[in-house]
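Examining the three-dimensional arrangement
Residue strings, one per chain:
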There are 2 protein chains.
Amino acid sequence: MFQIDALSRTPVYEQIVEQCEQFLLKGVFTVGDKLPSVRQLSVELAINPNTIQKAYLELDRRGLVTSVPGRGVFISEGAIMKVSEDRRENLGKIAELTKELKLAGVKEEEIIDSVRTAYKED
Amino acid sequence: MFQIDALSRTPVYEQIVEQCEQFLLKGVFTVGDKLPSVRQLSVELAINPNTIQKAYLELDRRGLVTSVPGRGVFISEGAIMKVSEDRRENLGKIAELTKELKLAGVKEEEIIDSVRTAYKED
DNA sequence: TCATCTGTACTATATCGCATAGTACACCTA
DNA sequence: TAGGTGTACTATGCGATATAGTACAGATGA
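Residues numbered from 1 in each chain as written. Chains lettered and ligands numbered in written order. Predicted model: local features only at pLDDT ≥ 70, side-chain atom pairs only at ≥ 80, totals over all residues. Heavy atoms only, no water.

Residues and elements named next belong to chain B. Tracing the sequence through the fold places Glu58 in helix H3 (residues 49–61). When its relative accessible area of 16% is taken as the criterion, Glu58 is described as buried. Sequence separation between Glu58 and Gly70 is twelve residues; the distance between their C-alpha atoms is 19 Å. (Helix = DSSP H or I, 4+ residues; strand = E, 2+ residues; numbered from the N terminus. Buried < 20%, exposed > 50% of the residue type's maximum accessible area, 1.4 Å probe, protein only.)

Put into structure tokens, the structure is as follows:
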């Protein structure tokens, strides 16, 4: 399920958070679903339990999961909507990248082609 | 000229590299131009000379700049073209962000509007 | 009941990237 | 020759990341 790139510069705990959000957007995780336990996932990924806990703590902080001591960590109510809303920040990022591409001499239509192509994939 | 955001998570030396490339794209720097000296810029930005050197070393590694001991650091031949080519990577980044926005339920036309608007600005 | 799983909270340690501080050397130019 | 230039070191400090180990309390199922 989760896959960690040990060579990546982005911290392991962030990779877990990111993938969790992806799973929410893709429908792999749904409201009420139970995440792998801290210890189980730490064994599965060959990673320290504290690192998993840090990832879950971050997900909790973002309101995407709810921790229940003794039971586990579960996807919160409204988690999918929250992630979707957060991802709208990408519109701003795209705007910034577009400005740079304009400076680099890339034509507007070429950028839009890239968007249309990407949107049609998958 | 250069402006450092001390609160930013991106390292100071990367900020300098980034701004240098921006200056190249915007025409502030041209081939043959002399960059501020390591010591001068370190005083101006209130930053350690070693940090400036690290930034210039990175610019040199990317082939954007040529260091001449005793004289200074100068914009290389073909630097502008190199930066422009590198910035085409943004097309791929935009494609990735587009896919995420699609998952988040954002319509294709909304993304394209964002691109068109950004392209018209400045 | 009890073993076992769960989350949680600590302390300690190691590593790495980043930045600073200081010194030194060789080169170029006015 | 004096002062500015790039360059190369060593040493130090700091914060983020990750590991290691231990411990406690709540929940669950045999």
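Picking up where we left off.
Moving on to the protein's contact with DNA strand D. Neighbouring DNA strand D are 24 residues; Val12, Asn50 and Thr51 of chain A together with Arg39 and Ser67 of chain B lie closest to it. Backbone atoms, meaning sugar and phosphate, make up 63% of the atoms of DNA strand D lying within 4 Å of the protein. One nitrogen or oxygen atom from the main chain of Val12 of chain A is found 2.4 Å from a phosphate oxygen belonging to DNA strand D. Between a phosphate oxygen of DNA strand D and a side-chain N or O atom of Ser67 of chain B, the distance comes to 3.3 Å. (Near = heavy atom within 4 Å. Polar contact = N/O pair within 3.5 Å; in protein donor to acceptor, adjacent residues only side chain to side chain.)

In summary, the two copies of the chain are related to each other by a rotation about an axis coupled with a shift along it. Between the two copies, chain A and chain B, the superposition gives an RMSD of 0.1 Å; the rotation angle is 180° and the shift along the axis is 0.1 Å. Classification of the inter-copy transformation places it as that of a two-fold axis. Most of the interface of chain A is mirrored in chain B, where 100% of its interface residues again form contacts. (Least-squares fit on C-alpha atoms with pLDDT ≥ 70 in both. Contact = heavy atoms within 4.5 Å.)

Quick look at the side chain of Thr98 of chain A now. Examined against the element boundaries, Thr98 of chain A turns out to sit in helix H5 (residues 89–103). The exposure class assigned to Thr98 of chain A is buried, which follows from its relative accessible area of 0%. Those residues in contact with Thr98 of chain A, other than ones at most four positions away along the chain, are Ile111 of chain A together with Ile94, Val115, Ala118 and Tyr119 of chain B.

Below, the discussion takes up the interface of chain A and chain B. As a measure of interface size, the accessible area lost when the parts come together is often cited. Tallying the contact residues gives 35 residues for chain A and 35 residues for chain B. Counting each side, the surface lost to burial between chain A and chain B is near 3,700 Å², with a carbon and sulfur contribution of 61%. Counting every contact that joins chain A to chain B gives twelve salt bridges. Salt-bridge contacts for Lys99 of chain B lead to Glu121 of chain A; the nearest nitrogen and oxygen are separated by 3.1 Å. Our enumeration of links across chain A and chain B arrives at 24 residue pairs in polar contact (both at pLDDT 80 or more). (Buried area = accessible area lost by both parts, 1.4 Å probe. Salt bridge = Lys/Arg side-chain N within 4 Å of Asp/Glu carboxyl O.)

Before going further, it helps to examine the protein's contact with DNA strand C. Near DNA strand C you find 24 residues, and of these Arg39 and Ser67 of chain A together with Val12, Asn50 and Thr51 of chain B are the closest. The contact atoms of DNA strand C, taken as those within 4 Å of the protein, divide so that sugar and phosphate hold 62%. Residue Asn50 of chain B places a side-chain N or O atom 2.7 Å away from a base nitrogen belonging to DNA strand C.

A separate point is the pattern of salt bridges. One pass over the full model with this rule turns up 24 salt bridges over all chains. The shortest N-O distance in the salt bridge between Glu21 of chain A and Arg87 of chain A comes to 2.4 Å. Remark: Arg87 of chain A occurs in helix H4 (residues 79–87) and Glu21 of chain A occurs in helix H1 (residues 12–26); sequence separation between them is 66 residues. Of the residues examined, Arg87 of chain A reaches a relative accessible area of 7% and is grouped as buried. Close ionic contact of Glu100 of chain A with Arg87 of chain B constitutes a salt bridge, the shortest N to O distance being 2.7 Å. Within this pair, whereas Glu100 of chain A is found in helix H5, its partner Arg87 of chain B is found in helix H4 (residues 79–87), the two belonging to separate chains. Connected via shared salt-bridge partners are Glu18, Glu21, Glu58, Arg61, Arg62 and Arg87 of chain A together with Glu100 of chain B.

An ideal rise of 1.5 Å per residue puts 21 Å on 15 residues; H5 of chain A measures up with 22 Å between its terminal C-alpha atoms. Among all positions in H5 of chain A, only Asn90, Leu91, Ile94, Ala95, Leu97, Thr98, Glu100 and Leu101 of chain A are buried. In this fold, the buried residues of H5 of chain A make contact with H4 and helix H6 (108–120) of chain A together with helix H1 (12–26), H4, helix H5 (89–103) and helix H6 (108–120) of chain B. (Expected span 1.5 Å × (residues − 1).)

Residue and element names in this part refer to chain A. Across the two faces of strand S2 (residues 72–75) the burial is the same, with Gly72 and Phe74 and Val73 and Ile75 all buried. Where strand S1 (residues 65–68) meets S2, four bridges bridge the pair, whose relative direction is antiparallel. In the sheet register, Val65 faces S2, and the bridge partner there is Ile75. Counting the residues in the hairpin turn of S1 and S2 gives three residues, including Gly70, whose phi is positive at 90°. (Pairing = 2+ DSSP bridges.)

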